[in-house]
Every structure is written in structure tokens, then in C-alpha cells.
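Here are the chains, one letter per residue:
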Amino acid sequence: MIRKAVFPIAGAGTRFLPATKAIPKEMLPVVDKPLIQYAVEEAYQAGIRQMIFITNHRKQSVADHFDPAVAPTDQYAQILRAITPDDMVCTWVRQPQPLGLGHAVLCAEPLVGTEPFAVLLADELMPDQPGITARMMQQFDQHASSLVAVQPVPREHSQRYGMIRGTPLTTDLISLQDIVEKPTPEDAPSDLAVVGRYLFTPAIFRALEHLPPGAGGEIQLTDAIARLLRQEAVLAYQYQGARYDCGSKLGFLQATVALGQQHPELGTDFTHWLHAQPSSPTIS
Ligand code: G1P
């Protein structure tokens, strides 16, 4: 049973400068919700109630966003209460130094303890319903193995991702054989990239301990998964739904346009406006 989700949010957000000089990138809104809220809602909809944020001194506004204190008479109280339902518990752990994603996840150990848990990277926005975390949890219920979500990417993008190799088990599931952080296209073991959703058995914490820095000089979660693989089976879940890499400006814009079109209040008007725009002039 997975009851806890870890959200590593201590990244610097440099790819979004100047927007992120004073605002955490997780607070940048896609239409009308900050990026982090999409990930938290995905975990909540999967039945997870304890949200663990791995944070730093620059992320106070994320804690404020999820603070449940709302004036009951506020005309917007309903919208605000929905951010933090009564049965949701948010906890905050400071990552003392920016040592990498693997180190951030290890910082959650005192709060996770010895139970399986989810990790969600809010940069990756996957809005299809049912959410990807819920789908992965169904697989976890059956197999009780750690799972990483993957999608095919163009080979030339392999240096942005953890890349895997494995043996297909079913249409959705792959038995993981190898995982490498940000390899060159020549070294990538396949075109399948890890897309920021993980379910772990608590054995990942032992794999993270004393892990030397890897790609980019950081303690990499990918390297711990490679270690874990030597002890127990790990599965890859091949996700077919829409994904927006909101860690890049292009992906963020694509998410804004796609979610704008689907928005219950704005969708119809926005779609009409979009379709009425003259197409780009052809450059001859
Ligand atoms: C992280 C992980 C990488 C994964 C990616 C997904 O990289 O280290 O393995 O593929 O997220 O978005 P980052 O985007 O933090 O550089």
C-alpha cells in the first residue's frame, strides 16, 4: 500500500530565468494552477494523502500555497480549500545542500520510513485521467516491485533523461535491465526515457546511501535504481498518455496551450481564438 508521495522541489530553476529569479519554478502557473499543484492532485487522486516536499529556503511560497489556513467567509474559500483537502497532510524537509535528485529522495527517509512510496517530479506534467500515478499503483499492487515510468523520446534528447533498457513483459510493462543518467545518443541503451514518476520499495534508501556523485557531479536517483536492480526486480511502466516537459520553456508553452484548450471555463473561447489566428507566414 503506497500512502506517501515525495516531491523533490529544491532545484534552482535556472532554465526559467528570468521568471524564476524570485519565484520557484514549481509556482509558475499553467493556465490557473501552479505546476506543483498538478503533481499533488495527481498523487491525491491516486489515494495518497501524505505529501512530503523536499525543499530549500527559496521555496517558502510553495509551503504558503499548500497552507490550509483559509478564512471561512472568503468568497474564494472553496477554490482555496480544494488545494489542501482536510485529509491531506503536507510535510516539509529541507535539503541542506543541492547535491542532486538522489540526495533529495534520501532526505525523505525519516518521513517515509520502511514503506513503499511514490516520487513525482512536478516538471513533468501528465494531465490525462486516470493519472499516471494511479495507473502505476495498480501495477504495484500486482507486482510489488519498484516501477519507473518511461516514454520513447527522440534519441537526440537522451542527454536530458535517465534512459533505460529492458525486456518487454506485457504491452505496458518492461523488466528493467539497465538504466543510465543522461547518456549521449550513441550511449543511450534504447529510446525509452524515464519521465519523472517512480514507485519505490524502501530498499531504494539503502541503494542511495553512500552513492558517489554521478552525471553532472550530482547524486543521481538513476544510479541508485541501477544499484537496486542488482538486488531486486525493477519494472518500467510504458506510459502512453500526453506528457509535457515543463522543465523546458517549449514544453511549458505546449502545456499551457493544451490545458488552456481543455479548461472548463476558458477552453471553448481559447480554442476558437487559437483557430482564428492567421497561420504563420511562409518564409520563401
Ligand atoms: C531528472 C532525472 C532523470 C529523468 C528526468 C525526467 O532529471 O534525473 O533521470 O529522466 O528527471 O524529467 P532532471 O530533469 O532533473 O535533470
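Please refer to the structure higher up on the page.
Residues numbered from 1 in each chain as written. Predicted model: local features only at pLDDT ≥ 70, side-chain atom pairs only at ≥ 80, totals over all residues. Heavy atoms only, no water.

J.: An account of the layout of surface pockets is requested, with residue identities and associated values reported.
T.: The rolling of a water-molecule-sized probe over the atoms marks out the regions of remaining empty space. Size it by volume and the largest pocket reaches roughly 1,100 Å³. Elements with a contribution of two residues or more to the lining of the largest pocket: α4 (101-106), β11 (192-200) and α8 (221-229). Sorting elements by how many residues they give to the lining of the largest pocket places β11 first, with four residues. Of the residues contributing to the lining of the largest pocket, the split by class is 17 nonpolar, 12 polar and 11 charged. Estimated volume of the second largest pocket: approximately 610 Å³. Forming the walls of the second largest pocket are 25 residues, and the residues nearest its centre are Asp-32, Lys-33, Gln-37, Tyr-38 and Glu-41. (1 Å grid on protein atoms, 1.4 Å probe; cavity = no way out; pocket = protein on both sides within 12 Å on 5 of 7 lines; lining within 4 Å. Points joined across faces, edges and corners; volume = space filled by probe spheres on them. Helix = DSSP H or I, 4+ residues; strand = E, 2+ residues; numbered from the N terminus. Nonpolar A, V, L, I, M, F, W, Y, C, P; charged D, E, K, R; others polar.)

J.: Quick rundown of the side chain of Gln-139? Include the residues and the values.
T.: Following the sequence through the fold, Gln-139 ends up in helix α6 (residues 132-143). Given the relative accessible area of 14%, Gln-139 is considered buried. In contact with Gln-139, not counting residues within four places along its chain, are Ala-144, Leu-147, Asp-172, Leu-173 and Tyr-237. (Buried < 20%, exposed > 50% of the residue type's maximum accessible area, 1.4 Å probe, protein only. Contact = heavy atoms within 4.5 Å.)

J.: An account of the nonpolar core is requested, with residue identities and associated values reported.
T.: Of all hydrophobic cores here, the largest spans 35 residues; its most connected members are Phe-117, Ile-164, Tyr-198, Ile-204 and Ile-225. It is α8 that contributes the most residues to this core, five residues altogether. Not counting residues up to four positions away in its chain, the partners in contact with Ile-225 are Val-148, Leu-176, Ile-179, Tyr-198, Phe-200, Ile-204 and Val-234. By size, the runner-up hydrophobic cluster in this structure holds 33 residues, among which are Phe-53, Met-88, Phe-140 and Leu-147. (Core = buried A, V, L, I, M, F, W, Y, C linked by side-chain atoms within 4.5 Å.)

J.: Could you give an account of the site of the ligand, with specific residues and numbers?
T.: The environment of the ligand is formed by Leu-101, Leu-121, Glu-124, Tyr-161, Gly-162, Glu-181, Lys-182, Val-194, Gly-196, Tyr-198, Gln-220 and Thr-222. The contact in question runs from an oxygen atom of the ligand to an N or O atom on the side chain of Lys-182, over 2.7 Å. Within the backbone of Val-194, a nitrogen or oxygen atom sits 2.6 Å from an oxygen atom of the ligand. Considering the ligand on its own, with 380 Å² of exposed area, one finds that the protein chains cover 82% of that surface. The cavity where the ligand resides is the largest pocket. Across the shell around the ligand, the residue classes break down as five nonpolar, four polar and three charged. (Near = heavy atom within 4 Å. Polar contact = N/O pair within 3.5 Å; in protein donor to acceptor, adjacent residues only side chain to side chain. Areas by Shrake-Rupley, 256 points an atom, 1.4 Å probe, with all protein chains shown as cover. Sits in = over half its atoms within 2 Å of the grid points.)

J.: Hey, could you go over the pattern of salt bridges for me, with residue numbers and the actual values?
T.: According to the stated counting rule, one finds 11 salt bridges in the structure shown. In this structure, Arg-3 engages Glu-115 in a salt bridge whose closest nitrogen and oxygen atoms are separated by 2.7 Å. Taken together, the positions of Arg-3 in the segment before β1 (4-8) and Glu-115 in the loop between α5 (109-112) and β6 (117-120) put the pair 112 residues apart, joining distant regions of the chain. Its relative accessible area of 15% is what places Glu-115 among the buried residues. Put simply, Arg-3, Lys-4 and Glu-115 are held in one network by salt bridges that share partners. (Salt bridge = Lys/Arg side-chain N within 4 Å of Asp/Glu carboxyl O.)

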